[in-house]
Amino acid sequence: MANINEHSKEARLAIMELANMISVPMALNAVVRLNVADALWQGGANTPLSASEILTRVKGSDGSDPENLQRILRMLTSYDVFEEHVEEERRSYSLTEIGKTLVTDTHGLSFAAYVLQHHQDALVKAWPLVHEAVLDPTTEPFVKANGEPAYDYYGKNPEMNDLMLKAMSGVSVPFIKAVLDGYDGFKGLNTLVDVGGSAGDWLRMILHKHPSIREGINFDLPEVVAKAPIIPGVTHVGGDMFKSIPSADAIFMKWILTTWTDEECRAIMENCYKALPEGGKLIACEPVLPKQSDDSHRTRALLEGDLFVMTIYRGKGKHRTLQEFNNLAISAGFPKFRAFQEFDDFYTVLEFQK
């Protein structure tokens, strides 16, 4: 009986924690808005500071409440964002490895924009409607909350769109650096197409690392490439990936497939297959779900990202398992499929060879 009661107590505590889980992202959002990470980092010092001392380094904090900031810092300490130092009655805080991801680098990037982008009002309004994605998967919760699809909404709100682009840059730059350092799939190519390449930043980095690629083709919607800057060795081409894709030795895409249905992914991949020579390959960077669910940080992050896609972008767009990607490869005509998961814990490099 004692064990049963103990398990019941643990279960009640666990469900209370889950019910209050919204405090975690909202507190994270708060410390990003207050620029706490940069205030602590100070060029690498990371000296433990009290809440009052942090506020002296935060612009526009006159009259602010250090006790309330300390309450936020304590809670995030329990999630290993900060390290708490207690000496008698004084509490001070420094950044952990997780906290350091919020520090602005020399290029103005960090994961801070990723935090802010996920918690904008229009996105937050969609989350109470997640159950609607089960009852009616034809219309995303974001659409039901805001009246139009997310990307259309971003297009009408330049600040939101800029934040999304900055968020993706903050996330993608560490990943592409790891890929360029460890992945050899770009070697020996003469031509490379980046599908959904936006401003061509990834192509520029790839061509810099692999100068043997004599031509990079940045392929995106006409209105997107019209704003792309001139990049040596890169040709900007506007079009529709559902109609055709420019030919090249290899085709590259990053987090494209995750926001489309299986049928749409098959159509995109079939067009890639048509555009490739014999032996050519499609290189896709995508989140890959594990086969089994567990409570690891990696699995939780991937499953949470999957729900984000379902709620905000596409009801039947999704993160997929390796088996599901292999099934797509076969259905699109690709006989060979490989996955490289050593570069990042969230994104995987997928290689589909013709």
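Check the entry above for the structure.
Since this is a predicted model, take the numbers as computed values, not measurements. (Residues numbered from 1 in each chain as written. Predicted model: local features only at pLDDT ≥ 70, side-chain atom pairs only at ≥ 80, totals over all residues. Heavy atoms only, no water.)

Student: It is not clear to me how the environment of Phe186 should be interpreted in this structure. Could you clarify?
Tutor: Relative to the helices and strands, Phe186 resides in the loop between helix H12 (158–182) and strand E3 (191–195). Note on Phe186: relative accessible area 0%, which makes it buried. C-alpha separation for the pair Phe186 and Lys209, spaced 23 residues apart in sequence, amounts to 9.3 Å. (Helix = DSSP H or I, 4+ residues; strand = E, 2+ residues; numbered from the N terminus. Buried < 20%, exposed > 50% of the residue type's maximum accessible area, 1.4 Å probe, protein only.)

Student: Help me understand a nonpolar patch on the surface in this model?
Tutor: There is a patch of nonpolar side chains on the surface, built from Ile15, Met16 and Leu18 and spanning about 330 Å² of accessible area. Locating Met16 in the fold gives a position in helix H1 (residues 2–19). (Patch = residues over 30% accessible without salt bridge, like charges linked within 9 Å, V, L, I, M, F, W, Y side chains within 5 Å. Areas by Shrake-Rupley, 256 points an atom, 1.4 Å probe, with all protein chains shown as cover. Salt bridge = Lys/Arg side-chain N within 4 Å of Asp/Glu carboxyl O.)

Student: Explain the environment of Gly280 to me, please; I cannot follow it from the model alone.
Tutor: Mapped onto the elements of the fold, Gly280 is located in the loop between helix H15 (262–275) and strand E7 (281–289). Judged by its relative accessible area of 3%, Gly280 is buried. With 86 residues separating them in the primary sequence, Gly280 and Asp194 have C-alpha atoms 14 Å apart. Those residues in contact with Gly280, other than ones at most four positions away along the chain, are Asp249, Phe352, Gln353 and Lys354. (Contact = heavy atoms within 4.5 Å.)

Student: Would you mind going over the pairing of strand E9 (residues 336–340) with me for this structure?
Tutor: Where E9 lies against strand E10 (residues 347–353), five bridges are found, and the strand directions are antiparallel. Across the sheet, Ala339 pairs through a bridge with Leu350, a residue of E10. Connecting E9 to the antiparallel partner E10 that follows it, the hairpin turn spans six residues. (Pairing = 2+ DSSP bridges.)

Student: Would you mind going over the pairing of strand E6 (residues 250–254) with me for this structure?
Tutor: Side-chain direction in a regular strand flips from residue to residue, so the side chains alternate between the two faces of the sheet. The element E6 is largely enclosed, with a buried count of five among its five residues. Side chains of E6 alternate between two faces, with Ala250, Phe252 and Lys254 and Ile251 and Met253 buried alike. In this sheet, E6 lies alongside E3 in parallel orientation, the contact comprising four bridges. If you follow Val193 over to E6, its bridge partner there is Ile251. In the sheet, E6 pairs with E7 via five bridges, with the strands oriented parallel. Paired with Lys254 across the bridge in E7 is Cys285. Assessed by its sense of winding, the connection that carries the chain from E6 through H15 to E7 is right-handed. (Right-handed = clockwise from strand over helix to strand, strands pointing away.)

Student: Even after reading the chapter, I still don't get H12, so can you show me in this structure?
Tutor: Spacing of three or four residues puts side chains on the same side of an α-helix, whose turn is 3.6 residues. In this model H12 runs 36 Å from its N-terminal to its C-terminal C-alpha over 25 residues, within 8% of the 36 Å that 1.5 Å per residue would give. Approximately 35° is the largest bend angle found in H12, and it occurs at Ser172, with the proline Pro174 only one to four residues beyond. For H12, the full list of buried residues reads Met160, Leu163, Met164, Ala167, Gly170, Val171, Ser172, Phe175, Ile176, Val179 and Leu180. (Expected span 1.5 Å × (residues − 1). Bend = angle between axes of the 7 residues up to and from the residue.)

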